[in-house]
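# Structural overview
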Amino acid sequence: MFKMKMFKSFVLVFMAEHIHWSIATKCGLNQITIIQNRSEHCVDCVQCPKGMGSIPQCGSFLTRNTTVTCKACVKGVSYSESHDHTSCKQCRICVENEEVIKNCTATSDGECGECKPGYYRSFVFSCVKCSPCCQDTQEDDVEPQCLKQGFSRDRACRYTGRNCGGMKPTSMNSMVFKSTASQELEKSNIPLPYIIGLMVFVFVVFVLALLVIFLMYRVYGAGKGNRSRVILRLQVTGS
């Protein structure tokens, strides 16, 4: 028990000392902290011109001495648009089939525009091609962005990768096919709860009818068996 308490005390003291030493750094935000042998010293960050960034990144914690320098940003990959102590930033990359308004340079970020003509912006921010609509396509599958570009309603659907099996695109008025029964049901204007209730009622009546038939068969079969046994007994007695 005593050894366990000593061990816990040692762990708590070590953690408290380590956390205090890690948090209570004397280096500023514009410096790099070098940590060696449980001691630290600070290295000032350098001011880099446009098109160049600080290496290593200002505010870093390192375990060995290093030389802080300015490194040129890579055109099309990274950029730095100000004269300060920050590192190069990653360039914005336009997605496939997205218009490129301005390419990324060493001193400025790239700029992307809308999707190219014939494409629409999906919910994951990619540009997807406007597709023809199949005959069974629902109204919700029509993409407003494609309609805005001037596509007709039979060629302005979202891309789903479906193979329509040779079906030709058709107008939205005839895209949804319904059976004759469903059409007649809609014309009758019968509320859906009434229809469901009627179906349940018919099912219950059907089950009850089967139950009655089963009980009648059991009763009739039992009575017929009893009569047969009585006749057989009379025949045996008479003989």
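Keep in mind the model is a prediction, meaning the values are calculated, not measured.

Here we come to the nonpolar core. Within the largest apolar cluster, eight residues are counted, these being Tyr120, Val128, Cys130, Cys133, Val142, Cys146, Ala156 and Cys157. With near-sequence residues (within four places) excluded, tyrosine 120 lies in contact with Cys115, Ser126, Cys127, Val128, Lys129, Cys130, Glu143, Gln145, Cys146, Arg158 and Tyr159. In this structure, Ile34, Cys45, Cys58 and Val68 belong to the second largest nonpolar core, which totals five residues.

Now for the state of the cysteines. By the definition in use, this model includes nine disulfides. At a sulfur-sulfur separation of 1.9 Å, the disulfide partner of cysteine 45 is cysteine 58. Linking cysteine 45 and cysteine 58, the disulfide has an S-S dihedral of approximately 95 degrees and is accordingly described as right-handed. One end of the pair, cysteine 45, is in the loop between strand E2 (39-44) and strand E3 (52-55); the other, cysteine 58, is in the loop between E3 and strand E4 (61-62), and 13 residues separate them in sequence. By relative accessible area, cysteine 45 is classed as buried at 15%.

Before going further, it helps to examine the pairing of strand E1 (residues 31-36). Bridge count for E1 against E2 is six bridges, and the pairing is antiparallel. Residue pairing for E2: isoleucine 35 is matched across the bridge by glutamate 40. Where E1 folds back onto E2 in an antiparallel hairpin, the turn is made up of two residues, including asparagine 37, whose phi is positive at roughly 55 degrees. Here E1 pairs with E4 via two bridges, running parallel. Residue pairing in the sheet places isoleucine 34 in a bridge with leucine 62 of E4.

Take the confidence of the model for the protein next. Mean pLDDT for the protein: 75, with 66% of residues reaching 70 or above. When the criterion is pLDDT under 50, residues 166-189 qualifies, and its contacts beyond four places in sequence or with other chains add up to 34 contacts.

Take serine 87: it is sitting in the loop between strand E6 (78-79) and strand E7 (89-90). Exposure remark for serine 87: the relative accessible area of 17% places this residue in the buried category. A polar contact is formed between the side chain of serine 87 and the backbone oxygen of serine 54, at a distance of 2.8 Å. Setting aside residues up to four positions removed in sequence, serine 87 forms contacts with Gly53, Ser54, Pro56 and Gln57.

Here is what the cut-offs are and how they apply
The numbering scheme is per chain: residues are counted from 1 as the chain's sequence reads. In keeping with the predicted nature of the model, local features appear solely for residues at pLDDT of at least 70, side-chain atom pairs appear and are counted solely at 80 or more, and the whole-chain, interface and lining totals rest on all residues. The side-chain values count all of the structure's non-hydrogen atoms but skip hydrogen atoms and water molecules. Take the buried Ala, Val, Leu, Ile, Met, Phe, Trp, Tyr and Cys residues and link them wherever side-chain atoms come within 4.5 Å; each set so joined is a nonpolar core. Summary of the burial criterion: residues with accessible area below 20% of their type's maximum are buried, those above 50% are exposed, and those between are partly exposed, where the area comes from a 1.4 Å probe applied to protein chains only. It only takes one pair of heavy atoms within 4.5 Å for two residues to be counted as in contact. Put simply, a disulfide is two cysteine sulfurs that come within 2.5 Å. Helical segments are the DSSP runs of H or I of at least four residues, strand segments are the runs of E of at least two, and each set is numbered from the N terminus. Strand pairing is defined by DSSP finding a minimum of two bridges between the two strands. Across the chain, each position has a pLDDT score giving the predictor's confidence in that residue, from 0 to 100. Residues adjacent in sequence count toward polar contacts only when both atoms are side-chain atoms; beyond that, a polar contact is any pair of N or O atoms within 3.5 Å, and within protein one must be able to donate a hydrogen and the other to accept it.

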